Amino acid sequence: MTQHSSDPERLGVMIVGDCDPITQIAAIERSPHLALRPQAEAGDQMRDPSTHVVVVCTAPEDRSYWIEAGLAAGHWVVSPLPQKLPESTLVEGARFRVDAPLAWSDVDTDLQTRARHTPNLAYVRATMQIPEEWVRGEGILLRWGTWLPLLLQRSLGPIDTLHARSRCYRHDGLWEDHVLAHLTFANGVEGHVEMDALGSEAEWRVDFLGGETPNSSAGDIHLDRAADLTALYDSLGKVNPADALTGGLALREAMFLVHWIRQSARLERTLTRREARRA
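Remember, it's a predicted structure, so these values are computed and weren't measured experimentally. (Residues numbered from 1 in each chain as written. Predicted model: local features only at pLDDT ≥ 70, side-chain atom pairs only at ≥ 80, totals over all residues. Heavy atoms only, no water.)

### Regarding the packing of helix H4 (residues 107-116) against helix H6 (residues 147-156)
Part 1 of the reasoning: Contact geometry of H4 with H6 gives a least axis separation of 8 Å together with a crossing angle of 45°. Relative to H6, the element H4 is oriented oblique. Viewed along their axes, H4 and H6 form a crossing whose handedness is right-handed. Residues Val107, Asp108, Leu111, Gln112 and Ala115 of H4 pack against Leu151, Arg154, Ser155 and Leu156 of H6. (Axes fitted to C-alpha atoms, helices over the stretch in contact; angles between N-to-C directions. Helix = DSSP H or I, 4+ residues; strand = E, 2+ residues; numbered from the N terminus. Parallel < 35°, antiparallel > 145°, perpendicular 65-115°, else oblique. Left-handed = near helix turned anticlockwise from the far one by under 90°. Contact = heavy atoms within 4.5 Å.)

### Focus on the packing of aromatic side chains
Part 1 of the reasoning: Counted by the stated rule, this structure contains three aromatic pairs.
Part 2 of the reasoning: With a centroid separation of 5.0 Å and 85° between ring planes, the pair formed by Tyr65 and Trp66 is classed as edge-to-face.
Part 3 of the reasoning: Overall, Tyr65 belongs to the exposed group, its relative accessible area being 56%.
Part 4 of the reasoning: On the basis of relative accessible area, Trp66 is assigned to the buried category, the value being 18%.
Part 5 of the reasoning: Over the aromatic face of Trp144 sits the side chain of Arg143, whose NZ or CZ is 4.3 Å from the ring centroid.
Part 6 of the reasoning: Its end group placed over the ring of Phe256, Arg277 keeps NZ or CZ at 3.6 Å from the ring centre. (Phe/Tyr/Trp six-rings, centres within 6.5 Å; stacked < 30°, edge-to-face > 60°. Buried < 20%, exposed > 50% of the residue type's maximum accessible area, 1.4 Å probe, protein only. Lys NZ or Arg CZ within 6 Å of the ring centre and 35° of its normal.)

Rendered as structure tokens:
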């Protein structure tokens, strides 16, 4: 049962919107230093001194507004990435917590270690599968796949060129349910990233290829997401170091990679980093 509390030792949490708050509520309840606020009018809750955390569960196009409003009010904010990051420098600060698969796990360290210890590394293969019903109005890339290209880049160095294609096979609208991108890294390593939301699987896998057998890392996104959200909510009230994986610079780079992939897919050609930046 959801526990509501005004305990001054706990951070009061408000939820905005009704887009899949159940997973968020479960994670909040696992964090002993948080207290879910009774539901009320959002503006009143935002101004209430017992509110410390804003969890954004709105439609994608409304996220930017609530992210900026929550940060401007001095609250911690938990949200998936919006379609466009607010221009305010507040989002670069330590109070924004992005809800993205793999962002709050030890996958970053694991992949970097595997990349260093793969002999004659020549190719990396990364895949992510998301259940079809998880795609709601924004596609697989921004909501679920953003962190995968970023993690590869942190393991292998800057991506130099990229050639992508995306398709919407089962979901009408503007957003993709299949993405395939061929990457070349500045160090000469090549690879590809493939993401789809065409079935019921919820899993990811990265293979570093160079030796006789792949040096692989993989996970179940159902399980990883629960662990990620627990780590995310446990971090509230603490200031992240400036170079944290989810800090301002990482956010901007993750959003740029999404833009780069989508731009290449739209133009149906290879784009260099410089060309993508100019656009």
